[in-house]
Amino acid sequence: MINILKKIVASKKEEVEHLKKLKPLSASMIDYSKYSNVSLKKYLSDPLQTGIIAEFKRSSPSKGIINNRSDIVQTTTGYIYSGATALSILTEKNFFGGCIEDLIAVRAVNSCPILRKEFIIDEYQLIESKMNGADVILLIAAILDHEESYKLASKAKEIGLEVLMEVHSEEEISRINEHVDIAGINNRNLNDFSVSIDTSLKLFDMIPEQFIKISESGIDTPEKLLMLKQKGFRGFLIGERFMSYQHPEKACAEFINDFNKLIAKEIVNERV
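Residues numbered from 1 in each chain as written. Predicted model: local features only at pLDDT ≥ 70, side-chain atom pairs only at ≥ 80, totals over all residues. Heavy atoms only, no water.

A. Structural view of the pairing of strand S9 (residues 212-216). Judged by how many residues are buried, S9 sits mostly within the fold: five of five residues are covered. Both faces of S9 are covered, namely the face carrying Ile212, Ile214 and Glu216 and the face carrying Lys213 and Ser215. One ladder, built from five bridges, connects strand S8 (residues 182-186) with S9; its direction is parallel. When the bridges of S9 are listed, asparagine 186 appears paired with glutamate 216. Bridging between S9 and strand S10 (residues 235-238) involves three bridges; their strand directions are parallel. If you follow isoleucine 214 over to S10, its bridge partner there is glycine 235. A crossover connection joins S9 to the parallel S10 through helix H8 (residues 222-231); in handedness this β-α-β unit is right-handed. (Buried < 20%, exposed > 50% of the residue type's maximum accessible area, 1.4 Å probe, protein only. Helix = DSSP H or I, 4+ residues; strand = E, 2+ residues; numbered from the N terminus. Pairing = 2+ DSSP bridges. Right-handed = clockwise from strand over helix to strand, strands pointing away.)

Rendered as structure tokens:
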């Protein structure tokens, strides 16, 4: 996976440099107040929300094509109608089959918080994210050093974006800085692709309390979601669990319905 990450980052550097020449963006020339500003942090803090961040993801380096048939607008609006709190749109093209046009299409029909899931390495991508409808951007600690993490998070906040910093090890937690809004723990091992929610359970208490915490990957049953919720996680990024079905929005609805039944059962058991 490390080699894959290096390939992705190398490809992304080339792509960004090309875009800078093709379509220059200057932060000083843009009125950011015209663009979306829906707080994922606020939504995740609402106890009435499920906390599910439902992701649209066509493919991945580890799984290949996951779902290249579902319509992105139908799927994402279905996610929200089913009870998801927010959306994650994977815009990386070469390895995940996404594009910036996906973000634009989803923003046009949804007023919920939208996370742009991307390998962000340059301030250009922050401006691009804001202009095309993102409310939140992902920074991946595994591909950024301390200085880069701080610089990108600071710039994102300056232009009105919230920041989700993703970590998957104790060492990476030090990348989380005061400009970060949400700390995400990735349950996927970046060396061998294995997934375990034990990673979230292990790292939860190591992250300072002031950060909203979300768990990412491997949340494939309502029981796992409940366990993470009881631990204190406020958000749950779920993509492949839904996208592996022909109708991801229906899979999301069934998952949330089963989770609500599980919650109701827990409440009854507590009262007995």
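We are not done yet, so read on.
B. How the structure looks around the side chain of glutamate 240. Within the secondary structure, glutamate 240 sits in helix H9 (residues 240-243). In this structure, glutamate 240 is in contact with Lys57, Ser60, Lys63, Ile66 and Arg188, ignoring residues within four places of it in sequence. (Contact = heavy atoms within 4.5 Å.)

C. Quick peek at the side chain of serine 70. Mapped onto the secondary structure, serine 70 falls in the loop between strand S3 (64-65) and helix H3 (72-82). Classification of serine 70 as buried rests on a relative accessible area of 14%. A distance of 3.2 Å separates a polar side-chain atom of serine 70 from the backbone oxygen of glutamine 246. (Polar contact = N/O pair within 3.5 Å; in protein donor to acceptor, adjacent residues only side chain to side chain.)

D. Geometry of the layout of surface pockets. The space that makes up the largest pocket amounts to roughly 570 Å³. Among the elements of the structure, strand S6 (136-140), S10 and H9 are those that each provide at least two residues to the lining of the largest pocket. Of the residues in the lining of the largest pocket, the class split is 14 nonpolar, six polar and eleven charged. Computed from the structure, the second largest pocket encloses a volume of approximately 230 Å³. (1 Å grid on protein atoms, 1.4 Å probe; cavity = no way out; pocket = protein on both sides within 12 Å on 5 of 7 lines; lining within 4 Å. Points joined across faces, edges and corners; volume = space filled by probe spheres on them. Nonpolar A, V, L, I, M, F, W, Y, C, P; charged D, E, K, R; others polar.)

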